Amino acid sequence: TENSIDQYECIHKLGEGSFRNARFSLRGYGEVFQALDKKGNDYVAVKKTRIMDNGSRVQSESELLKNCSSKYIVRYFDVLQNDRELWVQIELLGEG
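Let me sum up the structure you'll find in this document. Predicted model, so just to flag it, every value in this text is computed and none were measured. (Residues numbered from 1 in each chain as written. Predicted model: local features only at pLDDT ≥ 70, side-chain atom pairs only at ≥ 80, totals over all residues. Heavy atoms only, no water.)

Quick word on the overall build of the chain
For the record, the criterion: Helix and strand labels come from DSSP, where a helix needs a run of H or I of at least four residues and a strand needs a run of E of at least two; each type is numbered from the N terminus. Exposure classes here rest on a 1.4 Å probe applied to the protein chains alone. A residue is buried below 20% of its type maximum, exposed above 50%, and partly exposed in between. Contact criterion: two residues are considered in contact whenever any of their non-hydrogen atoms come within 4.5 Å of each other.
Counting secondary structure elements, the chain contains one helix and five strands. Walking the chain from its N terminus toward its C terminus, one meets helices and strands in the order β-β-β-α-β-β. Each of the 96 residues in the chain was classed as buried or not, and the buried ones make up 27%. Long-range pairs, those at least 24 residues apart, make up 48% of the contacts in the chain with a sequence separation of at least 6.

Looking at unusual backbone geometry
Excluding glycine, residues mostly have negative phi values, and the peptide bonds linking residues are mostly trans. With a phi close to 55°, Asn-41 is a non-glycine residue in the positive phi region. Tracing the sequence through the fold places Asn-41 in the loop between strand 2 (26-37) and strand 3 (42-50). Of the residues examined, Asn-41 reaches a relative accessible area of 62% and is grouped as exposed.

Considerations on the nonpolar core
What counts is decided by this rule: Here, the term nonpolar core denotes a set of buried Ala, Val, Leu, Ile, Met, Phe, Trp, Tyr and Cys residues that are joined through side-chain atoms within 4.5 Å.
Judged by nonpolar contacts, Ile-5, Tyr-8, Ala-35, Val-44, Val-46, Leu-80 and Trp-87 together constitute the single largest core of seven residues. Contacts of Leu-80, omitting those with residues within four sequence positions, involve Asn-3, Ser-4, Ile-5, Tyr-8, Glu-85, Leu-86, Trp-87 and Gln-89.

What about the packing of aromatic side chains?
Formally: Two rings from Phe, Tyr or Trp (for Trp, the six-membered ring) form a pair when their centres sit within 6.5 Å of each other. Planes less than 30 degrees apart are called stacked, planes more than 60 degrees apart edge-to-face, and all others tilted. We count a charge as sitting over a ring when the NZ of a lysine or the CZ of an arginine lies within 6 Å of the ring centre and within 35 degrees of the ring normal.
Applying the stated criterion to the full structure yields zero aromatic pairs. We note Lys-48 situated over the ring of Phe-33; from NZ or CZ to the ring centre the distance is 4.7 Å.

Now the structure itself:
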């Protein structure tokens, strides 16, 4: 079954940041939340960011990252989008 944004409940904000996209001369921001995956009953980190580009590039990068496995990088699960935001789901790591 396909995942949706409604599957995730953002529990609390872990941080936020800003970036500048020179290619599109835009400024944006992202927020990272600890979230509950209600379907899998597990905690993940969700990064929310405004949509700045078409979805095709994002989806192709998403497929590449889903298949990437290394003990040196955070596990990537999926990217979802609605009309305004992209939600990137990644492994939630403990402190330290």
